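# A closer look at the structure
Listed below, chain by chain, are the residues.
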Amino acid sequence: RVTTRTLWLVMLVSLCVSITVCRASSPQEEDSAMENIVTEKKAEESHRQDSVDLLIFILLLTLTILTIWLFKHRRFRFLHETGLAMIYGLIVGVILRYAIHLPRDVSNVSKSCYVNASPPTLLINVSGKFYEYTLKGEISANEVKDVQDNEMLRKVTFDPEVFFNILLPPIIFHAGYSLKRRHFFRNMGSILAFAFLGTVISCFFIGLLMYGCVTLMKQVGQLHGDFFFTDCLFFGAIVSATDPVTVLAIFNELHVDADLYALLFGESVLNDAVAVVLSSSIVAYQPQGDNSHTFEAMALLKSFGMFLGVFSGSFALGVATGVFTALISFHFYLLRDFQLLETALFFLMSWSTFLLAEACGFTGVVSVLFCGITQAHYTYNNLSAESQDRTKQLFELLNFLAENFIFSYMGLTLFTFQNHVFNPMFIVGAFLAVFLGRAANIYPLSLLLNLGRRYKIRSNFQHMMMFAGLRGAMTFALSIRDTATYARRMMFSTTLLVVFFTVWICGGGTMQMLSCQRIRVGVDSDQDNSRRSTKQESAWLFRIWYNFDHNYLKPILTHSGPPLTATLPPCCGPLARFLTSPQAYENEGQLKDDDSDLILTDGDINLTYGDITVSTDASGSHTSSGLGYTGAATSDDLDRELVYGDHELVMRGTRLVLPMDDSEPPFTDSYNHLRM
């Protein structure tokens, strides 16, 4: 009993002490506990809102995919998947802006704190406790009462860096990785002219026209902020980036002329990179003195030097990363036994190219583009067959999702972005400038290029290229990256309208334009190529490069191509044996990589297709042997064999190798070849 009473007494004393301590510290601890509860509730609400925002975009993509299937099933070609994504984004944007309103809690909003500037971070002392507040953006006077709705709209507005660091890299890499190199290199001179010289012409032409428009707006009192000539040039640079994804999809489906497809695709791939570097060079234009918007020759030369330096540095970095990845896959040959690790390494090295270039002060778009081309040319040949299929399909999937996400976000942004500046005069001037700038790019350059082209760019091709100058993901990403000033906000709002118009009207009218211009469809590109001597069309510089690449770089970086012991002088025998892999000897005499996509010329090449072997030597003589063919092969026979030999079909990221039918002769135009 004594023990029990003692125990009860100790418990009672302890309880009294605890109550006393709690009462003594209750004011501070209760406040702290309440703050923790409020903070946890806010974090939970924020997490729930973020999940809802991401769910909205996933539902948008799901709805887009289902509608795409319906359009393909019904063979509707008047609207592309990107146009559908934009329409669904517009619908959701209208609902979020006008149909959904969160309950207003103005009691939590303080309006009595006045500062002379808008610092990005504020430290506020509230009763001895410091709280950190970050700047979210400017709110107009008539939107102060709708703080909660503004917060919801900000939630569905992504940081522009998300587009550059996450969504753009797979799109640009896929463009380089899936490039049809045979058609690209056959038209390489024209593509480079349109992509580099044409983009610069378009940029300055649009910039000059828009400067005249802005000057007129000032005189009539329609301009309510600063808009300088450099801003006009920047607008010209960002809207010069073409993205004819709608037109190219229809071209591929209808099998339009391969040269027209190559010109449009090659220009769109390269001029995106040129537009990015050009816009950054314009932003970097800084004359000396107080007025940073006056003309100064030295500042102009500095910007031009920056353009060349950034582009060449980005190009070199992209190629170097691709070569480095090829060396890793070449020396770690046993990695082929673990396809998952092989694919993961390829993916990470490819994506890191973009981030590495941005971290070094270069342009990631240029680097990742040429990294993709280099990876396709070298690293792809070192991968196992399963990893080759995986990488093609992986980047095709990422490209599809990222591109449709961007276009759906464009539609959403038209209503959720809170700082739009729509000016009718500027919009009309922009549309006129964009189309006139495109015309100043296509027609004069085509006239000059036709002076040296064997196969001319016909007038109907020029009209189609003029019509197909759609604007898309790159234009949007460049315009949304900086919306801090009045001029940039006006440019962003106008750019959205330009993208909508070109995708819906120009993209939707592709079929009618093809019919109006009487451009052939259903063209078998391989049979069309067999009538041309690709060897004679290629530039002499590229012939030299190809021979060097095939004889020396391919054996060093890949397991394909001739062994170095067969191409290097006898005095270099030990070095050649050291650098040549055993697999190269096993693969000698066979063309393992996709070299038929390139322009093949005379050189030490030995090609084996089925029962037919075609070989060339440095002197240019050709021999052919096989069951179905006898006699010496001519140059035209070799070119035709290079077209028909591998029978590869690259479609939707899958590489199919079709065997040659021995019952049909290899050198006939009636060969039933699957069309790409």
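If you check an unreviewed UniProt entry, the protein appears there as Sodium/hydrogen exchanger from Oryzias sinensis. Quoted straight from UniProt, the Sequence similarities (unreviewed entry) entry for the protein says "Belongs to the monovalent cation:proton antiporter 1 (CPA1) transporter (TC 2.A.36) family."

A count of helical and extended segments in the protein gives 25 helices and seven strands. Counting only residues that meet the buried cut, the protein has 50% of its 676 residues in that class. Counting only contacts in the protein whose residues sit at least 6 apart along the sequence, the fraction spanning at least 24 positions is 77%. For the protein, the accessible surface area stands at approximately 33,400 Å², while carbon and sulfur atoms represent 64% of it.

A separate point is the packing of helix H4 (residues 160-177) against helix H12 (residues 364-382). Running from amino to carboxyl end, H4 crosses H12 at an angle of 40 degrees, the nearest separation of the two axes being 7 Å. Judged on the interaxial angle alone, H12 and H4 are oblique. Along this stretch, H4 crosses H12, giving a crossing that reads as right-handed. Facing H4, whose interface residues are Pro169, Ile172, Phe173, Gly176 and Tyr177, H12 presents Val365, Val368, Leu369, Cys371, Gly372, Ile373, Gln375, Ala376 and Tyr380. Residue classes in the contact of H4 with H12 are distributed as eleven nonpolar, three polar and no charged.

This part is about the nonpolar core. Soluble globular proteins tend to bury their nonpolar side chains together. One finds Phe163, Met210, Phe227, Phe235, Phe251, Phe426 and Phe476 to be the most contacted residues of the largest nonpolar core, which totals 125 residues. It is helix H9 (residues 258-283) that contributes the most residues to this core, 14 residues altogether. If near-sequence neighbours (up to four positions away) are discounted, Phe426 is found in contact with Met210, Cys213, Val214, Met217, Phe227, Phe235, Met490, Met491 and Thr494. Core analysis: the second largest hydrophobic core is formed by five residues, Ile68, Phe71, Leu79 and Leu84 among them.

Further remarks concern the packing of helix H7 (residues 229-238) against H9. Running from N to C, H7 and H9 point in directions that differ by 170 degrees, and their axes come no closer than 8 Å. The orientation of H7 relative to H9 falls into the category roughly antiparallel. Listed contacts from H9 to Thr230, Leu233, Phe234, Ala237 and Ile238 of H7 are Ala275, Leu278, Ser279, Ile282 and Val283.

The subject of this paragraph is the packing of aromatic side chains. The full count for this structure, using the stated rule, is 27 aromatic pairs. Centroid distance Phe196 to Phe311: 5.1 Å. Interplanar angle 75 degrees. Geometry classified as edge-to-face. Here the residue Phe196 occupies a position in helix H6 (residues 188-219), and Phe311 occupies one in helix H10 (residues 297-331), the gap between them amounting to 115 residues. Taking the relative accessible area as the measure of exposure, Phe311 reaches 10% and is therefore buried. Taken together, the ring pairs connect Phe173, Tyr177, Phe346, Phe347, Trp351, Tyr380 and Phe395 into an aromatic cluster. The ring of Phe164 has Arg481 lying over it, and the distance from NZ or CZ to the ring centre is 3.8 Å.

Note that Glu267 resides in helix H9. The contacts of Glu267, once residues within four sequence positions are left out, are Ile191, Phe194, Ala195, Thr242, Ala262, Arg438, Asn441 and Met465.

What follows concerns a nonpolar patch on the surface. On the surface, Leu197, Ile201, Phe205, Leu209, Val428, Leu432 and Leu436 cluster together into a nonpolar patch covering about 580 Å² of accessible area. With respect to the element layout, Leu209 can be found in helix H6.

Positioned with a positive phi, Arg518 is a non-glycine residue whose angle comes to about 55 degrees. Note that Arg518 resides in the loop between helix H18 (510-517) and helix H19 (525-530). For Arg518, a relative accessible area of 74% corresponds to the exposed category.

A few words on the pattern of salt bridges. Throughout the structure, instances matching the rule amount to five salt bridges. Salt-bridge contacts for Glu44 lead to Arg48; the nearest nitrogen and oxygen are separated by 3.1 Å. Taken together, the residues Glu44 and Arg48, both in helix H1 (residues 2-74) and four residues apart, mark about one turn of the helix. Judged by its relative accessible area of 46%, Glu44 falls in the partly exposed class. Arg48 gets classed as partly exposed once you look at its relative accessible area, which sits at 46%. In this structure, the salt-bridge partner of Arg438 is Glu267, at a minimum N-O distance of 2.8 Å. In this pair, Arg438 is assigned in helix H14 (residues 424-449) and Glu267 in helix H9, connecting sequence segments 171 residues apart. Pair check on accessibility: Arg438 and Glu267 agree, each one buried.

All right, on to the environment of Thr321 then. In this fold, Thr321 is placed in helix H10. Judged by its relative accessible area of 9%, Thr321 falls in the buried class. For the pair Thr321 and Gly372, spaced 51 residues apart in sequence, the C-alpha separation works out to 9.7 Å. Residues within four places of Thr321 in sequence aside, it is in contact with Met349, Thr353 and Leu356. A distance of 2.8 Å separates a polar side-chain atom of Thr321 from the backbone oxygen of Leu317.

Taking 1.5 Å per residue as the helical rise, H4 with its 18 residues ought to reach 26 Å, and the 25 Å between its terminal C-alpha atoms agrees with that figure. Residue Leu168 marks the point of greatest curvature in H4, where the axis turns by about 50 degrees; the proline Pro169 follows within four residues. Of all 18 residues that make up H4, 14 are buried, and the element is covered over most of its length.

With respect to the helices and strands, Ser190 occurs in helix H6. Here Arg453 takes part through its side chain, which lies 2.7 Å from a polar atom of the side chain of Ser190. Look past the residues within four positions of Ser190 in its chain and what remains in contact with it is Leu263, Leu449, Arg453 and Ile457.

Averaged over the protein, the pLDDT score is 75; the fraction of residues at 70 or greater is 69%. For residues 533-537, every residue scores under 50 in pLDDT, and the model assigns this stretch 18 contacts once sequence neighbours within four places are set aside. Ignoring residues within four places in sequence, the model shows residues 591-676, a span with pLDDT below 50, making 189 contacts including any to other chains.

In this section: the environment of Met491. Among the structural elements, Met491 can be located in helix H17 (residues 486-508). Put simply, Met491 and Ile238 are 253 residues apart on the chain and 9.5 Å apart in space, counted from C-alpha to C-alpha. Apart from residues no more than four positions distant in its own chain, Met491 is found in contact with Phe227, Asp231, Phe234, Phe235 and Phe426.

What counts and how
- Along each chain, the written sequence defines residue order, and numbers are assigned to residues from 1.
- At least 70 in pLDDT is required for a residue's local features to be given in this predicted model, at least 80 for side-chain atom pairs to be given and counted, and no such filter applies to totals for whole chains, interfaces and linings, which use all residues.
- The side-chain quantities take in all heavy atoms of the structure and omit both hydrogens and water.
- UniProt positions are given in the numbering used here, feature names are shortened, and annotations may be inferred rather than shown by experiment.
- To qualify as a helix, a DSSP run of H or I must reach at least 4 residues; to qualify as a strand, a run of E must reach at least 2; elements of each kind are numbered from the N terminus.
- Any residue under 20% of the maximum accessible area for its type is buried, any over 50% is exposed, and the rest in between are partly exposed; the area is computed with a 1.4 Å probe on protein chains only.
- Only heavy atoms enter the contact rule, under which two residues are in contact if any of them lie within 4.5 Å.
- Using a 1.4 Å probe, the Shrake-Rupley method yields the accessible areas, and only the shown protein chains count as cover for residues.
- Here, axes are lines fitted to C-alpha atoms. For helices the fit covers the stretch in contact, and angles between N-to-C directions go from 0 to 180 degrees.
- Each angle is binned into one of four classes, with values under 35 degrees roughly parallel, values over 145 roughly antiparallel, values of 65 to 115 roughly perpendicular, and all other values oblique.
- A crossing counts as left-handed when the near helix is turned anticlockwise from the far one by less than a right angle, and as right-handed when that turn is clockwise.
- Charged residues are taken to be Asp, Glu, Lys and Arg, nonpolar residues to be Ala, Val, Leu, Ile, Met, Phe, Trp, Tyr, Cys and Pro, and polar residues to be all remaining types, Gly included.
- In this text, buried Ala, Val, Leu, Ile, Met, Phe, Trp, Tyr and Cys residues form a nonpolar core when linked through side-chain atoms within 4.5 Å.
- Here the aromatic set is Phe, Tyr and Trp, taking the six-membered ring for Trp, and pairing holds for ring centres within 6.5 Å; pairs whose planes are under 30 degrees apart are stacked, those over 60 apart are edge-to-face, and all others are tilted.
- We call a charge positioned above a ring when the Lys NZ or Arg CZ atom is no farther than 6 Å from the ring centre and deviates by at most 35 degrees from the ring normal.
- Put simply, a patch holds well-exposed residues, over 30% relative accessible area, that have no salt bridge, with like charges counted together within 9 Å and Val, Leu, Ile, Met, Phe, Trp or Tyr side chains within 5 Å.
- Here, a salt bridge means any Lys or Arg side-chain nitrogen found within 4 Å of an Asp or Glu carboxyl oxygen.
- Here a polar contact is taken to be a pair of N or O atoms separated by no more than 3.5 Å, where protein atoms must pair a possible hydrogen donor with a possible acceptor and residues adjacent in sequence count only if both atoms sit in side chains.
- Take the residue count of a helix, subtract one, and multiply by 1.5 Å to get its expected span.
- Think of it this way: the bend at a residue is just the angle between two axes, each fitted to seven residues, one set ending at that residue and the other starting at it.
- The predictor attaches a confidence to each residue, and that confidence, scored 0 to 100, is pLDDT.

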